[in-house]
Amino acid sequence: MRIVLLGKPGSGKGTQAAMLSEESGLPHLSSGAILRDEIREKTPFGMQIEEYVLKGEIGPQELITDVVFGYIERKGYASGFILDGFPRTVYQAEMLDERYRPGMGVLIDVPDDLIVDRISLRLTCADCDAIYHGTSRPPASSGICDSCGGKLEQRSDDNAGAIRKRLESYRNEIQQVIDMYRDTGRLLTIDGTSTPGEVYKSLKNATMNR
Ligand code: AMP
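The structure presented is a predicted model; accordingly, all values stated were derived computationally and were not measured.

Asks: Explanation requested: helix α3 (residues 44–55) in the structure shown.
Replies: Given 3.6 residues per turn, any residue in an α-helix points the same way as the ones three and four places further on. When we look at burial in α3, the residues that qualify are Phe45, Gly46, Ile49 and Val53. One face of α3 carries all of its buried residues, which in axial projection span an arc of 90 degrees. Opposite its buried face, α3 presents the exposed residues Pro44, Met47 and Glu51, each directed more than 90 degrees away. Close packing links the buried residues of α3 with α2 (31–40) and α4 (61–75). At the exit of α3 stands Gly56, carrying a positive phi of roughly 75 degrees.

This is how it looks when you write it as structure tokens:
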């Protein structure tokens, strides 16, 4: 099963994808995490996209698509995955349909005012990209990742300026992707405003019990 999670930055895609991955056994692929790894490892691609990621902008489309597809191939994930953060544009959605057509796109719906609060208190593991939140999902030990013991940090693009930019590019680009999934009968929308556990129940209903 190939599933795409659609939603604003901070809508809970990463948290929900990790929960669904654990229960379903499907691998969780986050395009943002793949790009951040490339930046950390200072690969030529990482250096090329670093500026875009820091500013919260959509980077060079063809290149990013190639890197995400290369990752799927290398890991042997072509037959099933939960994709988070990709596709973000019509170009990416069309390429994805051509190569690994997903069976459904789940939109996690959250209003903007909740997003800013969530992202500004978000903490991310520098090693495994696990996500925490200062008040609603704190780690057991302050500053340390429960899963791998890595250091928790605030992502450099989780600041007010970059959040605004990311919401703006989301609005410009993603609506057409959502329309594409709706027009092909593959869109499911769930309410993302409640607790991670409650949202997960809806996600599970929408995907695993279908
Ligand atoms: P995310 O972890 O999904 O919030 O992504 C962090 C940043 O990585 C975004 O603000 C973009 O700069 C970049 N990024 C992630 N996924 C994509 C994508 N599918 N296309 C273009 N840029 C992306």
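Asks: Is there a simple way to explain the side chain of Ser11 in this structure?
Replies: Here Ser11 lies in the loop between β1 (2–6) and α1 (13–24). Classification of Ser11 as buried rests on a relative accessible area of 2%. Setting aside residues up to four positions removed in sequence, Ser11 forms contacts with Ile108, Val110, Ile115, Arg118 and Gly192.

Asks: Explain the layout of surface pockets to me, please; I cannot follow it from the model alone.
Replies: One simple way to see leftover space: roll a probe sized like a water molecule over the atoms. The computed volume of the second largest pocket comes to approximately 310 Å³. Around the second largest pocket sit 15 residues that line it, and Arg36, Arg40, Glu153, Arg155 and Ser156 are the ones nearest its centre. Only α2, α3 and β5 (122–125) provide two or more residues apiece to the lining of the second largest pocket. Across the lining of the second largest pocket, the residue classes tally to 5 nonpolar, 3 polar and 7 charged.

Asks: Mind showing me how you'd approach the sheet that holds β1 here?
Replies: Where strands meet in a sheet, backbone hydrogen bonds hold them as pairs that are either parallel or antiparallel. An order of β2-β3-β1-β4-β8 is seen for the 5 strands of this open sheet, with the pairing classed as parallel. In this open sheet, the two edge strands, each paired with only one partner strand, are β2 (28–30) and β8 (187–191). Ignoring strand direction, the axes of neighbouring strands in this sheet form an average angle of 25 degrees. Against the sheet, α1 makes contact with β1, β2, β3 (81–84) and β4 (104–109), and its axis sits at roughly 175 degrees relative to β3, the strand it touches most. Packing of helix α7 (residues 160–183) onto the sheet brings it into contact with β1, β4 and β8, and relative to β1 it is tilted by some 140 degrees.

Parameters at a glance
- Residues numbered from 1 in each chain as written.
- Predicted model: local features only at pLDDT ≥ 70, side-chain atom pairs only at ≥ 80, totals over all residues.
- Heavy atoms only, no water.
- Buried < 20%, exposed > 50% of the residue type's maximum accessible area, 1.4 Å probe, protein only.
- Helix = DSSP H or I, 4+ residues; strand = E, 2+ residues; numbered from the N terminus.
- Arc of directions from axis to C-beta.
- Contact = heavy atoms within 4.5 Å.
- 1 Å grid on protein atoms, 1.4 Å probe; cavity = no way out; pocket = protein on both sides within 12 Å on 5 of 7 lines; lining within 4 Å.
- Points joined across faces, edges and corners; volume = space filled by probe spheres on them.
- Nonpolar A, V, L, I, M, F, W, Y, C, P; charged D, E, K, R; others polar.
- Pairing = 2+ DSSP bridges.
- Axes fitted to C-alpha atoms, helices over the stretch in contact; angles between N-to-C directions.

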